[in-house]
Each structure stands twice: as C-alpha cells, then as structure tokens.
Protein chains: 2
Amino acid sequence: MTGYGVDVPSGRPASIATPAPGDPRLARLSLNQWTTRRLGVAEAVDGCARYGIPAIGLWREQVAEHGLSASARLVRDAGLRVSSLCRGGFLTGDPGPAVQDNRRAIEEAATLGADCLVLVVGGLPPGSRDLAGARARVAATLAEIVPYAAASGVRLALEPLHPMYCADRAVLSTLAQAVDLASRWPVEEVGVVVDTFHVWWDPEVLTQIARAGDRIASFQVCDFLVPQPADPLLGRGMMGDGVIAFRPLRAAVDAAGYTGPIEVEIFNADVWAADGHEVIATLARRYVTEVL
Amino acid sequence: MTGYGVDVPSGRPASIATPAPGDPRLARLSLNQWTTRRLGVAEAVDGCARYGIPAIGLWREQVAEHGLSASARLVRDAGLRVSSLCRGGFLTGDPGPAVQDNRRAIEEAATLGADCLVLVVGGLPPGSRDLAGARARVAATLAEIVPYAAASGVRLALEPLHPMYCADRAVLSTLAQAVDLASRWPVEEVGVVVDTFHVWWDPEVLTQIARAGDRIASFQVCDFLVPQPADPLLGRGMMGDGVIAFRPLRAAVDAAGYTGPIEVEIFNADVWAADGHEVIATLARRYVTEVL
C-alpha cells in the first residue's frame, strides 16, 4: 500500500487474509530462520510447508543443532530452496581463525545447496580505531576465502550493514562499498546482499542497486523501527511497522535483474516472543501488502 | 596520540597538564555550549575566559534565556568569537512555520555575529515513509530561507547527521548529500558542517571533505562511544573515549582549506552531570592529545 512519494498513516497497514499455500504471490518469499529464532530447523521447515513458503534462509547455529546432513535432507525432502546460509565473515581480526571458520561455513553452504553464504565482515578489533586498516583487512582475508568458495560452488554475499554498526559489527557500511569490494572477483563468486534495514537511508541506494545488477545475491526485507529500542541490534520490525517504503526498493532490485527469493529477516524481541507460526502467517500477509 | 592506521590501547588516553590560557595550542578551540549544557551563557563565557578558550558555539535556547542582546554584548565584551549558533532547520514539515522560525534564528545569528547558523534539517514527518519527498522538501524550504540569510550576512551550515537519525532527526545523511545541496548557492551563503560523530564511518569521508573545500563552515568534534547508550541521542563521548581517530579527519579538513574554530560538541549524560569547568578543562586537554 506504500508507494514511494506517498504518505501513509502511521500504525499497522490494513490486513488481508493469509495467502494460502500455492498462492502465486508467495512464489519468491523466503523465511529467514532468525525471524522465528526459537524454532529449530525442523519446526521452521514445517512452518514453511504449512504456509506455502517456498524458500528458507538458514542459520549455522540452528543447522549445527539439528545436524548438517539431517538439515540438508530435511530441506531437500520438503522441496525448499535454501536462499542463504547466515553467516560467515568477521574478517577484521586474526585472519587464521577467520579463514578456518569461513571454510567450515562454505562447506556447510555447499552441503545445504544454499544460494549464497552471507558474510558480515566484522567491526573494529577491540581497542582499535584503525577503520581504514580494518577495511583493508576485510579485503585481504576475503581474498584468502574466495578460492575455497569458488572451488565449492558457493557464492559469497557481502552484506553492508547500517553505519550504526560500523564500529562493532561491520566496517562495510554502504552498498557502494560492498559492490566495489565484490567487483574484484567474478560475479558468480562474490555478490552482495541488499537488506532494506541497512540501506534504506542511503541517498545513493537506488543508483547503487542498479549498479549492483547481477551482483545482487540476496534481497532481505524488514522494517526500521522508530524509535529504535535500547538494544540497537533489535530495532528491526515487521514490514509495515516502521518507516521503510519497500516497493521502490523491491522495484529497483527487480529492475537490476534480480529474480531470486525475497527473504524476511527480523531481529526483534517481540517477534521472537510471539508464536512462530503466527509470525510466519503475519509476514506472509505483510509481504503481500507492503513489499510485492 | 592516535595516528590513522595505528592501533591504540582502549581506555582513556594519557593525560597532560591543562593548557594555560594563551597557550597557542588552544587558538582554534571552541566550546559548543551544549557540551556544558547546564551552564547558562554567562557561566559558559566565564568558563571560556578561565581556560583561555577563544570561541564559543551558542545555542538558541540558552541565548533566549540570557537575552539575545545581553548575550551578544557578553560574548563581545569577553572577546569571544561565536563559531556557530545552533540551530535552525527542521525543514521537512509545514514550510510556513519553518521559514518563520528560521528567519528568527537568522536574526539571532546576525545579532550574535555568529560564523554560521547550523541547520539540522529534520526527519520524516510523523506517519510518513516518503524519504525522497522529505529530502525534496528540505531543498524547497531551504530555498525560501537562503535569501533572508544572505541579506542578513548569515552563513547557513547544513549538517549531515549520522544515518541512524535519518528517520527522526535529519534526512541529510552524508557529507556528499550536504555538499550537493549546498552547492546550489554561493559558498558564502550556504556551507556544510563536518561533525566527526556523524561522518567518521563514511567510506567517502576524506574524499567528500576535500570536495567540500571552502563549503566547510563548521568543524565539530566528539567521539563515537561503543556500545552506544540506550538513548541514541546521547552516544557522543569526550575525544579519546570512543572509536574515532580524529587526526586524519582534522588533517583532511585543514587540507581542504578550513582554518576556523574546532568546536567540541558532546551530548552525553555523564558529561552533562559533571562540573562544567572540569568538563572544559578535560576537553582542552583531550583536544590537544587527540585532535591537534
């Protein structure tokens, strides 16, 4: 309901009936598992089946808990596409352990048949103020990882995070910067993530989405809440509960040539406390009213 | 002590003796009045005199409390340069009241002989998700204000705020965007503010400072604390307490041709709770050890 350039009343958007499984409007929807964080892999896969959601973004923590090969079998048997595995990265510290951990993540992504492995690159090392150095280290350590990923047929996806996380989570702060870095490698080896929460504010976002083109490996949606809660990691909301106009961003990603899944990834204490299946039903409705 | 590309131990920097009044290292230092928020104009002016700080950034609220012409006389008699008046702006709502309020702010800046009037442009209007529209309205309402400022000999200074404030405080989010907008007018009419807290994360910051050149109307310093406190407006710290390497930013601003005051502006509950004169002494020391 929210067109770009159109004011909308605050508060929740008008609701619709939950789309039934098989509804063509759900064809590109993907559940990022962290949205229903309390559900294990089996429960999340059940939820996708029940609501006709054809893809899932898995998290390494939950995959490890369920078992890697069991998780791979489960999603395959359910006919689910694995739109991403979250996450590798954290490349700004000691490169040795970072390379090791990312090699494991790459193997997991390969086993799961994930479209990409999302990389959150890491913030400033403790005690450091050397932002340029941290950014250089990301590039250097990434260069050590790409060959493993390429050999395993796993596409890496660099995720720029909102600048509020620059110090402690990701020194990759804009889509332009992510595309610049990714462009050192072939497009099928290193792509980028467009996550509405992280990029909506950027005056260059539409230009950079167009520039990213077939570098776009993942498109994630969730809203930016105002005010943000005390824990800055949990300020993401269900689409329609915040200030983001999703359609122009979705249209730009479409126009750039991206035809893959649209993943709903929400970090929010209230969403996590709610019943997982209710959350899935809500996000299917909101996806239709706010994003499509 | 913090060179770019050099790691520093976390925690407070090594201290030095408080520079005495007349110390040439203080020649460019300015106290932004909000740093010592509990001090009225008279007390802040006294503090500057006691510690030999040659310039002050005034706030309209405190000027109003002390009286406009009395404030003007006070700073003039004390020989203080008024590096800025904070603040006008808030241009994303109804333009009528915005123009009126900014005209008043311009008159105040002229009376005080301020180097510039800082403009915080405002966030999304309540209930709106129309970011492009809000940005367009900033430009349109600014165009109504610039002629008054030019006629009064007051330079406007557009302040890009950290993207975390895009929704609720300033839709101007990068220095590039601020320079783009300011460039519609002569350089002596509309400049930009470089505030380390707001721009330190930006991969383009050094390039954009160079590009800004003589558009730089104000240079403000304070640190970015990690973690940020629950109130996102109060996450600014004394230089040396956070993650910003100030010298490369200061050097870039110098290289761009800016020779004016360097204003210390800190929004921080602990700083506000401390003794005002102690805060001034501390910032004089930290300015020397971290910024110069």
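Please read all numbers here as calculations on a predicted model, not as lab measurements. (Residues numbered from 1 in each chain as written. Chains lettered and ligands numbered in written order. Predicted model: local features only at pLDDT ≥ 70, side-chain atom pairs only at ≥ 80, totals over all residues. Heavy atoms only, no water.)

Before going further, it helps to spend a moment on the packing of aromatic side chains. Two aromatic rings are characterised by how far apart their centres lie and by the angle between their planes. All names here are of chain A. All told, the structure shown has 13 aromatic pairs over all chains when counted by the stated rule. In textbook terms, an aromatic cluster arises when at least three aromatic residues are bridged by ring pairs, as seen for Trp-34, Trp-59, Phe-267 and Trp-272. Its end group placed over the ring of Phe-267, Arg-236 keeps NZ or CZ at 4.1 Å from the ring centre. (Phe/Tyr/Trp six-rings, centres within 6.5 Å; stacked < 30°, edge-to-face > 60°. Lys NZ or Arg CZ within 6 Å of the ring centre and 35° of its normal.)

Reported here for the largest pocket is a volume of approximately 730 Å³. In this structure, the largest pocket is lined by 35 residues; those nearest its centre are Thr174(A), Ala176(A), Glu204(A), Asp202(B) and Glu204(B). Elements with a contribution of two residues or more to the lining of the largest pocket: helix 5 (131-152) and helix 6 (175-182) of chain A together with helix 5 (131-152) and helix 6 (175-182) of chain B. The class makeup of the residues in the lining of the largest pocket is 19 nonpolar, 6 polar and 10 charged. (1 Å grid on protein atoms, 1.4 Å probe; cavity = no way out; pocket = protein on both sides within 12 Å on 5 of 7 lines; lining within 4 Å. Points joined across faces, edges and corners; volume = space filled by probe spheres on them. Helix = DSSP H or I, 4+ residues; strand = E, 2+ residues; numbered from the N terminus. Nonpolar A, V, L, I, M, F, W, Y, C, P; charged D, E, K, R; others polar.)

Residues and elements named next belong to chain B. The sheet built from 8 strands closes into a barrel, its strands ordered 1-2-3-4-5-6-7-10 with parallel pairing. On average, adjacent strands in this sheet sit at an angle of 30 degrees to one another, irrespective of strand direction. Strand direction decides the pairing type here: strand 4 (residues 117-120) and strand 5 (residues 156-158), joined by 3 bridges, are parallel. Note on strand 5: the bridge partner recorded for Leu-119 is Leu-158. Strand contacts of helix 4 (residues 95-112): strand 2 (55-59), strand 3 (81-89), strand 4 and strand 5, with the helix running at about 175 degrees to strand 3, the strand carrying the most contacts. (Pairing = 2+ DSSP bridges. Axes fitted to C-alpha atoms, helices over the stretch in contact; angles between N-to-C directions. Contact = heavy atoms within 4.5 Å.)

Our next topic: the sheet that holds strand 6 (residues 190-195) of chain A. Residue and element names in this part refer to chain A. The strand order around the closed barrel built from 8 strands is 1-2-3-4-5-6-7-10, with neighbouring strands paired in parallel fashion. If you compare each strand with its neighbour and ignore which way they point, the axes differ by 30 degrees on average. For strand 6 and strand 7 (residues 216-221), the ladder comprises 4 bridges, and the chain directions are parallel. Within strand 7, the residue paired with Val-192 across the bridge is Ile-216.

Attention now moves to the side chain of Ser30(A). Residue and element names in this part refer to chain A. Secondary-structure assignment places Ser-30 in strand 1 (residues 29-32). Side-chain polar atoms of Ser-30 contact the backbone nitrogen of Ile-56, separated by 3.3 Å. A polar contact is formed between the side chain of Ser-30 and the side chain of Ser-83, at a distance of 2.7 Å. If sequence neighbours within four positions are ignored, Ser-30 has contacts with Ile-53, Ala-55, Ile-56, Gly-57, Ser-83, Pro-261, Ile-262, Glu-263 and Val-264. (Polar contact = N/O pair within 3.5 Å; in protein donor to acceptor, adjacent residues only side chain to side chain.)

As a further point, take the packing of helix 3 (residues 68-77) of chain A against helix 4 (residues 95-112) of chain A. Residues and elements named next belong to chain A. Contact pair helix 3 / helix 4: the axes reach a minimum separation of 9 Å and the direction vectors enclose 30 degrees. Taken together, the axes of helix 3 and helix 4 are roughly parallel relative to one another. Considering how the two elements wind past one another, helix 3 and helix 4 form a crossing that is right-handed. Here helix 3 contributes Leu-68, Ser-71 and Ala-72 to the contact with helix 4, which in turn contributes Glu-108, Thr-111 and Leu-112. Of the residues belonging to the contact of helix 3 with helix 4, the class tally is 3 nonpolar, 2 polar and 1 charged. (Parallel < 35°, antiparallel > 145°, perpendicular 65-115°, else oblique. Left-handed = near helix turned anticlockwise from the far one by under 90°.)

A few words now on unusual backbone geometry. All names here are of chain A. Cis geometry marks the peptide bond from Cys-86 to Arg-87, where omega comes out at -5 degrees. Residue placement: Arg-87 occurs in strand 3 (residues 81-89). In this structure, Phe-90 takes a positive phi of about 55 degrees despite not being glycine. By the secondary structure assignment, Phe-90 is in the loop between strand 3 and helix 4. The class of Phe-90 is partly exposed, set by a relative accessible area of 38%. (Buried < 20%, exposed > 50% of the residue type's maximum accessible area, 1.4 Å probe, protein only.)

The feature "domain: Xylose isomerase-like TIM barrel" (unreviewed entry), as annotated in UniProt, sits at residues 48-280 of chain A in this numbering. Within the segment residues 48-280 of chain A, helix and strand shares are 43% and 17% respectively, and the terminal C-alpha atoms sit 8 Å apart. (UniProt positions renumbered as here; feature names shortened; annotations may be inferred.)

Take the pattern of salt bridges next. Residues and elements named next belong to chain A. What the rule picks out here adds up to 24 salt bridges over all chains. Asp-115 is the salt-bridge partner of Arg-81, the closest N and O atoms lying 2.8 Å from each other. With a gap of 34 residues between them, Arg-81 in strand 3 and Asp-115 in the loop between helix 4 and strand 4 (117-120) connect regions that are remote in the sequence. You can call Arg-81 partly exposed: its relative accessible area is 43%. Residue class for Asp-115 comes out partly exposed when judged on its relative accessible area of 26%. One salt-bridge network, held together by shared partners, links Arg-60, Asp-101, Arg-104 and Glu-108. (Salt bridge = Lys/Arg side-chain N within 4 Å of Asp/Glu carboxyl O.)

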